[in-house]
Amino acid sequence: MADIQTLKEESRVFPPPADMMKHAAISGMEAYQALCDEAERDYEGFWARLARENLSWQTPFTKTLDESDAPFYKWFSDGKLNVSYNCLDRNLDNGNADKTAIIFEADGGEVTRLTYRELHGRVCQFANGLKSLGIRKGDRVVIYMPMSVEGVVAMQACARIGATHSVVFGGFSAKSLQERIVDAGAVAVITADEQVRGGKHLPLKAIVDDAFALGGCDAVRNVVVYQRTSGKINWQQGRDLWMHELAASQPSACEPEWVDAEHPLFILYTSGSTGTPKGVQHSSGGYLLWAMLTMKWTFDVKPSDVFWCTADIGWVTGHSYIAYGPLAAGCTEVVFEGVPTYPDAGRFWDMIARHKVSIFYTAPTAIRSLIKAADANPAVHPDRYDLSSLRLLGSVGEPINPEAWMWYYKNIGHEKCPIVDTFWQTETGGHMITPLPGATPMVPGSCTLPLPGIMAAIVDETGQDLPNGQGGILVVKRPWPSMIRTIWNDPARFRKSYFPEELGGKTYLAGDGAIRNKDTGYFTITGRIDDVLNVSGHRMGTMEIESALVAHPMVAEAAVVGKPDETTGESICAFVVLKRPRPEGDEARQIAKELRDWVGKEIGPIAKPKELRFGDNLPKTRSGKIMRRLLRVLAKGEEITQDISTLENPAILEQLKHAI
């Protein structure tokens, strides 16, 4: 464990604020170490205590951890609870009923406020509406919604009746949506007529209709539509229903469906290194426990806080730190429909000032883009806004580079707010390695130390521990309550992806490389170890993008790699071989645009390659293997110094240097 004196000897170390150290949920490194020691002494007892203290159980659990079918671990499995009850009903009885739960700001600036009592009533009405459609415990419901109160209501309503939701990001294409509907076996889709972001209108219901036209969605009985605007949409009588009409006639009380702690709360699809998305399945009890604990530990949330996570509910960050964690913690949260640069790049800072946000949680991509905007236009520089309400800053989605960390610390936090640089994944359900605002000295670029109870380590390819200072593979050596339970419909892939036999079959493989500081033991994430790209915090498999490109009738072959990008962290670089002669000039630019649009339609705009490079072939060994390491070097614009004697045609490399 790090001690403050050792850290002070490093180049840039920032101690936690003294006042926060006095009053934080975990106050000082001694308190942190005491929790870690408790977990080491009695692992199951540690988690059992936290589960009993933080969650309301309808049937108390008697068994904490079941390892009999490892790696399909079960937590609190004989206990019963309801996630929506823990988020809403408890706040009606503890004095929070008339406290603001959600401050919603629409893209155009309109603001709506809901108390816990009002939110509870709306969730219950919609839950009753879903029940009237015959949706029951265990049914799957796909949610394809804009950032909205209605999106949160839909998720909470599913949890209330025991239906398993699968939220699909509103930027995904009809094909991506159809794949998820089919794989989940959804009986209903909840969507909106359209979403509005940055003044642009995207017709979500039309995309749902296109997904249905692709086939395979026969299990879906109803499409429930939130009326975001008054635009005309296609309507299938008997299948399509307005969300407000479905809920209007329903009572505002709905008895929660008590479910086993292991009941699937949601499936969230994430890209893997192969072409098909993985349905990450999370439980109810263990997942909610960690969402709630990390609100307390990482964000040190207090009753007076106004918490704002800028993520979308289509990603796990929006699940844990919009739809569930803040409500379970009983705080007031901001939910925002729009983008940080509309109507100008001061939107975030203006909203923080107006809503008196005290905890702000955003992505390095957003920070980097706003640094550029502030440099270009002093009118939107954060120093033009009153950010004095802030007391804590957070970063999520990818490692934050030290330069962006320093700008964030100085210009947004005014060197008074700790930054929690959180490392975690869709599969982990919540934060895993992060500074604690009242305890951990911060080092820009490092996510510092694992949370209490998280047994993180760095190992080599055989699972052997590596000494501090030597980079390797990040793993977690013991199960924890909020971990992924399985991949939906594919337990074999779950084992292979996360608990490979090479590591003993019981050690969780995070899929990231990492290194620990020799002296302090602080973790720094060095990047993915598989073919998964991280673009603006969005994970996409290279195979997924390659498959989309090759599906174009003009493309014979494609290879995709990541390229460092100062704004998005990583950008997509595609190397393409056409079924016709290699294009040049205007023709190459025209074809590149067509292929980008094609990928956008097949997967979604976030998957569009930033660069395309055309060649007569790809660099391959004489045995036919694509030399991806050479493509990564080319993408970075570096000179190739590796041995290329095994290449079938070294001359190809010169062609692939030219980006479009």
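Note that the structure is a prediction, hence the values are computed from the model and not measured.

Calculation criteria
Residues numbered from 1 in each chain as written. Predicted model: local features only at pLDDT ≥ 70, side-chain atom pairs only at ≥ 80, totals over all residues. Heavy atoms only, no water. Pairing = 2+ DSSP bridges. Helix = DSSP H or I, 4+ residues; strand = E, 2+ residues; numbered from the N terminus. Axes fitted to C-alpha atoms, helices over the stretch in contact; angles between N-to-C directions. Parallel < 35°, antiparallel > 145°, perpendicular 65-115°, else oblique. Left-handed = near helix turned anticlockwise from the far one by under 90°. Contact = heavy atoms within 4.5 Å. Buried < 20%, exposed > 50% of the residue type's maximum accessible area, 1.4 Å probe, protein only. Phe/Tyr/Trp six-rings, centres within 6.5 Å; stacked < 30°, edge-to-face > 60°. Lys NZ or Arg CZ within 6 Å of the ring centre and 35° of its normal. 1 Å grid on protein atoms, 1.4 Å probe; cavity = no way out; pocket = protein on both sides within 12 Å on 5 of 7 lines; lining within 4 Å. Points joined across faces, edges and corners; volume = space filled by probe spheres on them. Nonpolar A, V, L, I, M, F, W, Y, C, P; charged D, E, K, R; others polar. Core = buried A, V, L, I, M, F, W, Y, C linked by side-chain atoms within 4.5 Å. UniProt positions renumbered as here; feature names shortened; annotations may be inferred. Polar contact = N/O pair within 3.5 Å; in protein donor to acceptor, adjacent residues only side chain to side chain. Salt bridge = Lys/Arg side-chain N within 4 Å of Asp/Glu carboxyl O.

1. Quick notes on the sheet that holds strand β21 (residues 456-459)
Sheet strands pair via backbone hydrogen bonds, and the direction of the pair is either parallel or antiparallel.
Here is step 1: Here we have 4 strands laid out as an open sheet, ordered β21-β22-β24-β25, and antiparallel in their pairing. Edge positions in the sheet fall to β21 and β25 (523-528), since each has one partner strand and no second. Strand-to-strand twist of the sheet, defined as the mean angle between neighbouring strand axes without regard to direction, takes the value 45 degrees.
Here is step 2: Pairing between β21 and strand β22 (residues 472-476): 4 bridges, direction antiparallel. Of the residues in β22, the one forming a bridge with A457 is V475.

2. Description of the packing of helix α5 (residues 83-93) against helix α6 (residues 116-132)
The geometry of a pair of packed helices is captured by two quantities: the angle between their axes and the separation between those axes.
Here is step 1: Closest axis-to-axis distance for the α5/α6 pair is 9 Å, and the angle between their directions is 135 degrees. Judged by the inter-axis angle, α5 sits oblique to α6. The hand of the α5/α6 crossing is left-handed. From α5, S84, C87, L88, D89, N91 and L92 reach across to α6, where they touch Y116, R117, L119, H120 and V123.

3. What to know about the side chain of T507
Here is step 1: Following the sequence through the fold, T507 ends up in the loop between α16 (491-498) and β24 (508-516).
Here is step 2: By relative accessible area, which is 16% here, T507 ends up buried.
Here is step 3: Here T507 is in contact with V475, V476, K477, Y498, F499 and P500, once residues within four sequence places are set aside.

4. So, the packing of aromatic side chains
Here is step 1: Tallied over the full model, the rule gives 40 aromatic pairs.
Here is step 2: With centroids separated by 4.7 Å and ring planes inclined at 70 degrees, the aromatic side chains of F299 and Y361 adopt a geometry described as edge-to-face. Here Y361 lies in strand β18 (residues 359-362) and F299 lies in the loop between α11 (285-297) and β16 (306-309), a separation of 62 residues in the sequence. The same class applies to F299 and to Y361, which are both buried.
Here is step 3: With a centroid separation of 6.3 Å and 80 degrees between ring planes, the pair formed by F348 and W349 is classed as edge-to-face.
Here is step 4: Given a relative accessible area of 3%, F348 falls into the buried group.
Here is step 5: Overall, W349 belongs to the buried group, its relative accessible area being 2%.
Here is step 6: One aromatic cluster in this structure is built from Y43, F46, W47, W57, F61, W75, F76, W290 and W297.
Here is step 7: Stacked on the ring of F172, the Lys or Arg R180 has its end atom at 4.6 Å from the ring centre.
Here is step 8: The ring of F212 has R239 sitting right over it, with the charged end atom 4.6 Å from the ring centre.

5. With respect to empty space enclosed by the protein
Here is step 1: Evaluation of the coordinates by the stated rule reveals 3 cavities of 30 Å³ or more.
Here is step 2: A volume near 50 Å³ is recorded for the largest cavity.
Here is step 3: Forming the boundary of the largest cavity are N82, V83, C158, A159, G162, A163, V259, H263, P264, L265 and S284.
Here is step 4: By residue class, the composition of the lining of the largest cavity is 7 nonpolar, 4 polar and no charged.

6. A closer look at the nonpolar core
Here is step 1: W47, F126, W297, Y324, I545 and V576 are the most contacted members of the largest nonpolar core, which totals 174 residues.
Here is step 2: No other element matches the 9 residues that helix α7 (residues 149-161) contributes to this core.
Here is step 3: Ignoring any residue separated from it by four or fewer positions in sequence, one finds W297 in contact with A25, I26, L35, F46, L50, W290, L436, P437, L451 and P452.
Here is step 4: Listed in part, the 34 residues of the second largest apolar core include F360, A366, A373 and Y408.

7. Topic: the pairing of strand β4 (residues 100-105)
Here is step 1: Across the 6 residues of β4, 5 count as buried, placing the element largely inside the fold.
Here is step 2: For β4 and strand β5 (residues 111-115), the ladder comprises 5 bridges, and the chain directions are antiparallel. What sits directly across from I102, in β5, is L114.
Here is step 3: What sits between β4 and β5 in their antiparallel hairpin is a turn of 5 residues, with G109 showing a positive phi close to 105 degrees.

8. Considering the UniProt feature "binding site: ATP" (unreviewed entry) in the chain
Here is step 1: Here the UniProt feature "binding site: ATP" (unreviewed entry) sits at G397, E398, P399, D421, T422, F423, W424, Q425, T426, D512, R528 and R539.
Here is step 2: Among the structural elements, W424 can be located in the loop between β20 (419-421) and β21.
Here is step 3: Not counting residues up to four positions away in its chain, the partners in contact with W424 are V316, T317, S320, Y321, Y361, V396, G429, G430, H431 and M432.
Here is step 4: Polar contacts involving the side chain of W424 include one to the side chain of Y361, which spans 3.2 Å.
Here is step 5: Relative to the elements of secondary structure, R539 occurs in strand β27 (residues 538-541).
Here is step 6: R539 gets classed as buried once you look at its relative accessible area, which sits at 17%.

9. Looking at the pattern of salt bridges
Here is step 1: In total, this model carries 34 salt bridges according to the counting rule given.
Here is step 2: Taking the shortest distance from any N to any O, the salt bridge between R160 and D89 comes out at 2.8 Å. Linking R160 in helix α7 with D89 in helix α5, this pair joins segments that are 71 residues apart in sequence. Each member of the pair, R160 as well as D89, is classed as buried.

10. Here's the deal with the environment of A574
Here is step 1: Tracing the backbone through its elements, the reader meets A574 in strand β29 (residues 569-578).
Here is step 2: A C-alpha to C-alpha distance of 5.8 Å links A574 and A559, two positions 15 residues apart in sequence.

11. Examining unusual backbone geometry
Here is step 1: Here the amide bond leading from A70 into P71 is cis, since omega sits at 5 degrees, within 30 degrees of zero.
Here is step 2: Residue placement: P71 occurs in the loop between β1 (65-66) and β2 (74-75).
Here is step 3: Put simply, Y342 and P343 share a cis peptide bond, and its omega is 0 degrees.
Here is step 4: Secondary-structure assignment places P343 in the loop between β17 (332-336) and α13 (347-355).
Here is step 5: Although it is not a glycine, K356 adopts a positive phi angle of roughly 55 degrees.
Here is step 6: When you line up the elements, K356 lands in the loop between α13 and β18.

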